[in-house]
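Remarks on the overall topology
Below are the chains, spelled out letter by letter.
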Amino acid sequence: MPNNILPEEKEILHSIESEYGFIISEKENIQNTVGFKLEEGKVVALGLCRKKITNIKNICKLKNLEILDLSQNNIINIPDEVKLLKKLKSLRLAGNSLT
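The rules behind these values
- Residues numbered from 1 in each chain as written.
- Predicted model: local features only at pLDDT ≥ 70, side-chain atom pairs only at ≥ 80, totals over all residues.
- Heavy atoms only, no water.
- Helix = DSSP H or I, 4+ residues; strand = E, 2+ residues; numbered from the N terminus.
- Rg over C-alpha atoms; globule rule 2.2 N^0.38 Å.
- Buried < 20%, exposed > 50% of the residue type's maximum accessible area, 1.4 Å probe, protein only.
- Contact = heavy atoms within 4.5 Å.
- Areas by Shrake-Rupley, 256 points an atom, 1.4 Å probe, with all protein chains shown as cover.
- Pairing = 2+ DSSP bridges.
- Core = buried A, V, L, I, M, F, W, Y, C linked by side-chain atoms within 4.5 Å.
- Lys, Arg positive; Asp, Glu negative; His and termini not counted.
- Salt bridge = Lys/Arg side-chain N within 4 Å of Asp/Glu carboxyl O.
- Polar contact = N/O pair within 3.5 Å; in protein donor to acceptor, adjacent residues only side chain to side chain.

1. Focus on the overall build of the chain
On a plain count of helices and strands, the chain comes out with one helix and four strands. When the helices and strands of the chain are read in sequence order from the N terminus, they spell out α-β-β-β-β. Taking 2.2 N^0.38 as the reference for a compact globule, 99 residues should give roughly 13 Å; the C-alpha atoms of the chain span a radius of gyration of 12 Å, in line with that estimate. In terms of its C-alpha atoms, the chain occupies a principal-axis envelope of roughly 40 × 25 × 20 Å. Taken over 99 residues, the chain has a buried fraction of 42%. In the chain, the share of contacts with a sequence separation of at least 24, taken over all contacts with a separation of at least 6, comes to 30%. By element, 46% of the accessible surface of the chain is carried by carbon and sulfur atoms, the whole surface being about 5,700 Å².

Listed below in structure tokens is the structure:
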């Protein structure tokens, strides 16, 4: 994890890594990959493609997200917590089994 990431954002990313057993690294382009993009220490873009994600409640704690790519996972519903993402401009959910 980069040193310039805000502690609360770092903690959320670590909890996601622990829950699903993979590492999330900083990347410039997060589309169709696993990674995050920072601006001023805040996670503004997050890509978690093809990682068998089922629950996005922890992800919704990243309140500065503008882009979220969760393509090709095992998500079946969108929790109410997604309403916390007030800055979200793009949500990619292709390849999930949404009901």
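2. Considering the environment of Leu-46
The topology assignment puts Leu-46 in strand 2 (residues 42-48). In this structure, the C-alpha to C-alpha distance between Leu-46 and Glu-66, residues 20 residues apart in sequence, is 8.5 Å. Sequence-distant contacts of Leu-46, defined by excluding residues within four places in its chain, comprise Leu-13, Ile-24, Ile-30, Gly-35, Phe-36, Ile-59, Leu-62, Leu-65, Ile-67, Leu-68 and Asp-69.

3. Overview of the pairing of strand 2
A large share of strand 2 lies buried, amounting to six of its seven residues. Both strand 1 (residues 34-39) and strand 2 contribute to a ladder of six bridges, which runs antiparallel. Paired with Lys-37 across the strands is Ala-45, a residue of strand 2. Here strand 1 hands over to strand 2 after two residues, with Glu-40 in that stretch at a positive phi of 55 degrees. Judged from the three bridges that link them, strand 2 and strand 3 (residues 67-69) form a sheet pairing that is parallel. In the sheet register, Leu-46 faces strand 3, and the bridge partner there is Leu-68.

4. Looking at the nonpolar core
Nonpolar side chains tend toward joint burial in soluble globular proteins. Residues Ile-24, Leu-46, Leu-48 and Ile-59 are the most contacted members of the largest nonpolar core, which totals 25 residues. Elements with a minimum of two residues in this core: helix 1 (7-20), strand 1 and strand 2. Per element, the largest residue contribution to this core is four residues, and it comes from helix 1. Leaving out residues up to four positions away in the same chain, Ile-59 has contacts with Ile-16, Leu-46, Leu-48, Ile-53, Leu-65, Leu-68, Leu-70 and Leu-85.

5. With respect to the side chain of Glu-9
Along the chain, the position of Glu-9 falls in helix 1. For Glu-9, which is buried and forms no salt bridge, the nearest opposite charge comes from Lys-63, at a distance of 6.1 Å. Here the side chain of Glu-9 touches Val-43 through a polar contact of 2.7 Å, landing on its backbone nitrogen. Each residue touching Glu-9, except ones within four places of it in the same chain, is listed here: Gly-41, Lys-42, Val-43, Leu-62 and Asn-64.

6. Here's the deal with the environment of Phe-36
Inspection of the secondary structure puts Phe-36 in strand 1. Separated by 10 residues in the primary sequence, Phe-36 and Leu-46 have C-alpha atoms spaced 4.4 Å apart. Apart from the residues lying within four places of it in its own chain, the contact partners of Phe-36 are Met-1, Pro-2, Ile-5, Leu-13, Ile-24, Ser-25, Glu-26, Lys-27, Ile-30, Val-43, Ala-45 and Leu-46.

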